[in-house]
Amino acid sequence: MRNRRDKRDEITDAGESDLTIGARADHAAGATAVAVSMKRALRHMGPKRTAQTLRDLNQADGFDCMSCAWPDPDPDSRHVAEFCENGAKAVAEEATKDRATPAFFARHSIADLDGHSEYWLGQQGRITHPMVKRPGGTHYEPIDWDEAFALIGQHLRGLDSPDEAVFYTSGRASNEVAFAYQLFARAYGTNNLPDCSNMCHESTSIALQESIGIGKASVSLEDVYAAELIVIAGQNPGTNHPRMLSALEIAKRRGAKIIAINPLRETGFVNFRNPQVPRGFVGKGTDIADLHLPVAINGDLALFQAIGALLTEWGALDTDFIEKHTTGFEAWKQHVSAVDWPLVEQTTGLSRAHITEAAKMIADSGATVYCWAMGLTQHHNAVATIKEVVNLALAQGNIGRPGAGLFPVRGHSNVQGDRTMGIWERPPAHFLDALRDEFGFEPPREHGFDTVDSIRAFRDGQAKVFVALGGNFVHAAPDTDVTTRALRNAELTVQISTKPNRSHLVCGDTALILPTKGRTEKDVQAGGEQYVSVEDSTCSVHASRGPLEPASPDLMSEVAIVTRIAEETLADRHGIEWSAMRDDYDTIRSHIANVVPGCEDYAARVHRPGGFVMPHPPRDSRTFRTQSGLAEFVVSPVQVLQVPRKHLLLQTLRSHDQFNTTIYGLSDRYRGVEGGRRVVFVHRDDIAALGFDDGDMVDLVSHWSEDDVERRVEDFRIVEYDTPRGSAAAYYPETNPLVPLDSTAEYSNTPTSKSVVISLEPAGSVRGQATDGSASQSASGADNGHKSRPQPTHLS
């Protein structure tokens, strides 16, 4: 299958200059970040709105940034400008003065819009009115809210089974709407509640739950400041979590060492100039990483086991913690002590001396924080790799100790809070019991569809209605062509959104766009002005209040939309007072207090400046709610991906000018890319070995042994880059078509977007091209939705 770009995407369509490759920025943030932030904000919002929003961004009495889930400092120690460059971009995108009105949709057919780039779509402004695409229609047209809700209710009531509906959630949704949304889905009768976490940190949630009894970070921001050593694996803070650099700078100035484990040497690790303080504009800045390990893609598991072998050999262990709080240590020690060093060097691309240097830093640290993100979670062996990180922390007692712990750094601003509120296709029995006791109905107990299984269900005709609470599902999901065809099988698609995106153009027979208020906007209901709440990566829950008037008087809040859908679908079933929740969000918070563990007296505590911190037994008291009642060392075999000769292993990643699927612009100055996005980063020796030159145009073709489908994306420019031999990197969502739907992580079912086997072919050459029909047949196959997995080589 092919994914051909419209030639207008990067030049005439978006009004952009030609793609150019120049020198990489030699530092992160600093004066350049301030200039870029303010220029973007002023262009989109104007001076008044820029001042109104940025002064309140991430403040205790303001609104929470939608661009990441990095924790805020204590209210008394926040800067006047408590935001990063990408946070300012996110605000400018949402608070833009541009509008996508009904006249815009009348001018552009759905087919016309689908010919434009994602960047162009995002620049069209805020959607101002609910829109509908009726069966057989070519355009979206206006629809009033009452008719839209009636249409949704009619479709949902007409399904043969509630399990034919899928309710997706983006991590931007607040705690209040997330709770109402999952309540509606379960009152309706299904646990089909996939979310964006299924595609990112699901591997983390599974690994931590099984190893320490809770799938969340065990640290606070103060622990990061107080750490003696911080290990950052599979994460690029300079682009994906820029405010993290400020915390790392504080830790460095207090004496911390930092190890960066990442295939690419990213600018954010080299030099950071903090734009929140005067020294960020003058002077040389702060070198963040003391040691960079350029690990080969998918070499992390072998690396961590080799470090474990050295720690046990040297006796650099917390034996008291191990004896009192853990189980499985002896088996793990025996396993890592037998590590095959030649295999480790082959798998990691690192020398034994380089690994030993890192292990010595870990051995010498009395308090270590382990951070990670998608670079660990999106592999076939992701759960095993994260459990190996836990093993290292347990070996030295780095849980429940100041300055130490496990820190999965989340991307979406409330993806963790949504899971806390019950957005999960596999809810625990105690949560469903509490829901039953609070609302008087028996929730469904059978597990629902996650993201990948939802796509399979639409592909195979098992699901008929798709409702998305935010996000851009089509461009966030893997195997774009398969996902697109699957959603077009739907009878109804509903997108609750702020701005146009690709998912609006992948329609069911009937399609609705329901425009909602954003995080930056005031929310006034019958009970007065409302606020919402979110949970960050360190389990801190706090309030968020927007300062702006809504972009249109026809917008509704997410809570209002969800509760209206619930009323239209369920009427008075179960006696749930949806209108009371809509009128006053404290009503929702009172239910949260009764249902969600750790949220007692929720409304009062979240209303305090800075909010409150959710309980975390391993962090708080070194207690572990696992099957054994102890923290569990886990033995995992090393898996070596077999990459054929003349092929590369691709990781998909963000540019500096995007947030997930939202493209802010076409500048990735940290990597020297300007004016375009279709680039593939490759080591110079691999470029030569494959018969190409730097700057050549190529097609990327993925290869997966479990099917014979050709997955191809076209017209990428080769960029020579400092990355390990055999590795490649390119931006998503442009490369999501290369990720097979059924290539997922064991146990978590997360797409393997960080380990895709590809070959490079001269641009325009197409081999073995299948017709759309045969490609669809091959993609669907005969598995009837059952999960198939690649078979890596296992070596112990």
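This structure is a prediction, so every number in the text was calculated from the model and none was measured.

Asker: I tried to follow the side chain of S533 on my own but got confused; where do I start?
Answerer: Within the secondary structure, S533 is located in strand β21 (residues 532-535). Engagement of the side chain of S533 in a polar contact is seen with the side chain of E176, the distance being 2.6 Å. Of the polar contacts made by the side chain of S533, one reaches the side chain of Y602; its length is 2.6 Å. With residues up to four places along the chain from it excluded, the contact list for S533 reads S174, N175, E176, N414, V541, H542, A543, Y602 and V606.

Asker: When you look at the pattern of salt bridges in this model, what are you seeing that I'm missing?
Answerer: Pairs can form between side chains of opposite charge once their charged atoms are near each other. Applying the stated criterion across every chain, the model contains 53 salt bridges. Linked by salt bridges that have partners in common, R40, E85, K89, D657 and R669 make up one network.

Asker: I tried to follow empty space enclosed by the protein on my own but got confused; where do I start?
Answerer: Leftover empty space is mapped by rolling, across the atoms, a probe with the size of a water molecule. Counted under the stated rule, the structure contains ten cavities of 30 Å³ or more. Its volume calculated, the second largest cavity comes out at about 240 Å³. Across the lining of the second largest cavity, the residue classes tally to five nonpolar, six polar and seven charged.

Asker: Would you mind showing me how to read the confidence of the model for the chain here?
Answerer: Reading fine detail from the predicted coordinates is not recommended where pLDDT is low. Counting all residues, the mean pLDDT for the chain is 90, and 91% of those residues have values of 70 or more. Predicted confidence for residues 278-282 stays below pLDDT 50, and this span has nine contacts to residues more than four positions away or in other chains. Counting contacts from residues 767-796, a segment whose pLDDT is below 50, to residues more than four positions away or on other chains yields 65 contacts.

Asker: Looking at this model, I keep getting lost on helix α7 (residues 175-188). Mind explaining?
Answerer: Note: α-helices contain 3.6 residues per turn, so residues at a spacing of three or four share the same orientation. Between its first and last C-alpha atoms α7 spans 20 Å; for 14 residues at 1.5 Å apiece the expected length is 20 Å, and the two agree. Buried residues dominate α7, accounting for 14 of its 14 residues. G189 sits one or two residues past α7 and shows a positive phi near 125°.

Asker: Is there a simple way to explain the sheet that holds strand β23 (residues 612-613) in this structure?
Answerer: In space, the three strands of this open sheet follow the order β21-β22-β23, with antiparallel pairing throughout. Looking at strand neighbours, the two that pair on one side only are β21 and β23, the edges of this open sheet. Across two bridges, the pairing between strand β22 (residues 540-544) and β23 is antiparallel. Residue pairing across strands places V541 opposite F612, the latter belonging to β23.

Asker: For this particular structure, what's the right way to read unusual backbone geometry?
Answerer: Both trends apply: most residues other than glycine have a negative phi, and most peptide bonds are in trans. The peptide bond linking Y732 to P733 adopts the cis configuration, its omega dihedral lying at 10°. By the secondary structure assignment, P733 is in the loop between β34 (727-731) and β35 (756-762). Positioned with a positive phi, D601 is a non-glycine residue whose angle comes to about 55°.

Asker: Would you explain the packing of helix α13 (residues 300-314) against helix α15 (residues 329-337) in this entry?
Answerer: Each pair of packed helices gets described by two things: the angle between the helix axes and the distance between those axes. The geometry of α13 relative to α15 is characterised by a closest axis approach of 8 Å and an angle of 105° between their N-to-C directions. With respect to α15, the axis of α13 lies roughly perpendicular. The residues of α15 that touch α13, namely those facing Q305, G308, A309 and T312, are W332, K333, H335, V336 and S337.

What counts as what
Residues numbered from 1 in each chain as written. Predicted model: local features only at pLDDT ≥ 70, side-chain atom pairs only at ≥ 80, totals over all residues. Heavy atoms only, no water. Helix = DSSP H or I, 4+ residues; strand = E, 2+ residues; numbered from the N terminus. Polar contact = N/O pair within 3.5 Å; in protein donor to acceptor, adjacent residues only side chain to side chain. Contact = heavy atoms within 4.5 Å. Salt bridge = Lys/Arg side-chain N within 4 Å of Asp/Glu carboxyl O. 1 Å grid on protein atoms, 1.4 Å probe; cavity = no way out; pocket = protein on both sides within 12 Å on 5 of 7 lines; lining within 4 Å. Points joined across faces, edges and corners; volume = space filled by probe spheres on them. Nonpolar A, V, L, I, M, F, W, Y, C, P; charged D, E, K, R; others polar. pLDDT = per-residue confidence, 0-100. Expected span 1.5 Å × (residues − 1). Buried < 20%, exposed > 50% of the residue type's maximum accessible area, 1.4 Å probe, protein only. Pairing = 2+ DSSP bridges. Axes fitted to C-alpha atoms, helices over the stretch in contact; angles between N-to-C directions. Parallel < 35°, antiparallel > 145°, perpendicular 65-115°, else oblique.

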